[in-house]
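Examination of the molecular architecture
These are the residues of each chain, in order.
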Amino acid sequence: MTAGEYVARIVEVPDRGIKLEPEEGTTIPDQPTEVNLLGMAIALALGAAGYQHHAEPRDTELQTLDALLSGDAVMPWRAATSGAAATITCTLSNGHPTCRVDPTAG
């Protein structure tokens, strides 16, 4: 199992959703099960932080979990407070990632 930390800035893309911009040196799992678990943990953390899934359907060809984690896809989520800067931090260990969304200064 991958160990480490996934840290990314949450960036709003107007009228489209959010994009994750991983920090340099962040750990991005490469095993499908680990990618899926991290994607689920991120979705749960976003929901707990007040983000809402936007009505626009996801483009399954372009908006994959791999693309989300690497910062290459905009996903249809909307921030609870428009323009609020935030970072998502996930601890990867034992196949059970835990994530939290923290506001960032700026």
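Data block above holds the structure.
Here we summarise the structure given alongside this text. Note that the structure is a prediction, hence the values are computed from the model and not measured.

Calculation criteria
- Residues numbered from 1 in each chain as written.
- Predicted model: local features only at pLDDT ≥ 70, side-chain atom pairs only at ≥ 80, totals over all residues.
- Heavy atoms only, no water.
- Pairing = 2+ DSSP bridges.
- Helix = DSSP H or I, 4+ residues; strand = E, 2+ residues; numbered from the N terminus.
- Core = buried A, V, L, I, M, F, W, Y, C linked by side-chain atoms within 4.5 Å.
- Buried < 20%, exposed > 50% of the residue type's maximum accessible area, 1.4 Å probe, protein only.
- Contact = heavy atoms within 4.5 Å.
- Salt bridge = Lys/Arg side-chain N within 4 Å of Asp/Glu carboxyl O.

Here the focus is the sheet that holds strand β1 (residues 4–13). Strand order in this open sheet of 5 strands is β4-β2-β1-β6-β7, and the pairing throughout is antiparallel. In this open sheet, the two edge strands, each paired with only one partner strand, are β4 (74–75) and β7 (98–103). Pairing between strand β6 (residues 86–92) and β7: 6 bridges, direction antiparallel. If you follow Cys90 over to β7, its bridge partner there is Cys99.

This next bit is on the nonpolar core. Ranked by size, the top nonpolar core spans 25 residues in total, and within it Tyr6, Ile10, Ile42, Tyr51 and Ile88 carry the most contacts. Of all the secondary-structure elements, those providing two or more residues to this core are β1, β2 (17–22), α1 (32–48), α2 (65–70), β6 and β7. Looking at this core element by element, the count peaks at 6 residues for α1. Each residue touching Ile42, except ones within four places of it in the same chain, is listed here: Tyr6, Leu20, Leu69, Ile88, Cys90 and Cys99.

What follows covers the environment of Ile88. The residue Ile88 is located in strand β6 in this model. Distance in space between the C-alpha atoms of Ile88 and Glu21 is 9.7 Å, their sequence separation being 67 residues. The residues contacting Ile88, other than those within four sequence positions of it, are Tyr6, Val7, Ala8, Ile10, Leu20, Ile42, Ala45, Cys99, Arg100 and Val101.

If you walk through the whole model with that rule in mind, you get 2 salt bridges. Arg9 serves as the salt-bridge partner of Glu21, at 2.7 Å between the closest nitrogen and oxygen. Linking Glu21 in strand β2 with Arg9 in strand β1, this pair joins segments that are 12 residues apart in sequence. In this structure Glu21 comes out as partly exposed when scored by relative accessible area, which is 33%. Given the relative accessible area of 43%, Arg9 is considered partly exposed. In this structure, the salt-bridge partner of Asp102 is Arg100, at a minimum N-O distance of 2.9 Å.

Within the secondary structure layout, Thr26 lies in the loop between β2 and α1. For Thr26, a relative accessible area of 17% puts it in the buried group. Residues contacting Thr26, with those up to four places away along its chain left out, are Glu5, Tyr6 and Val7.

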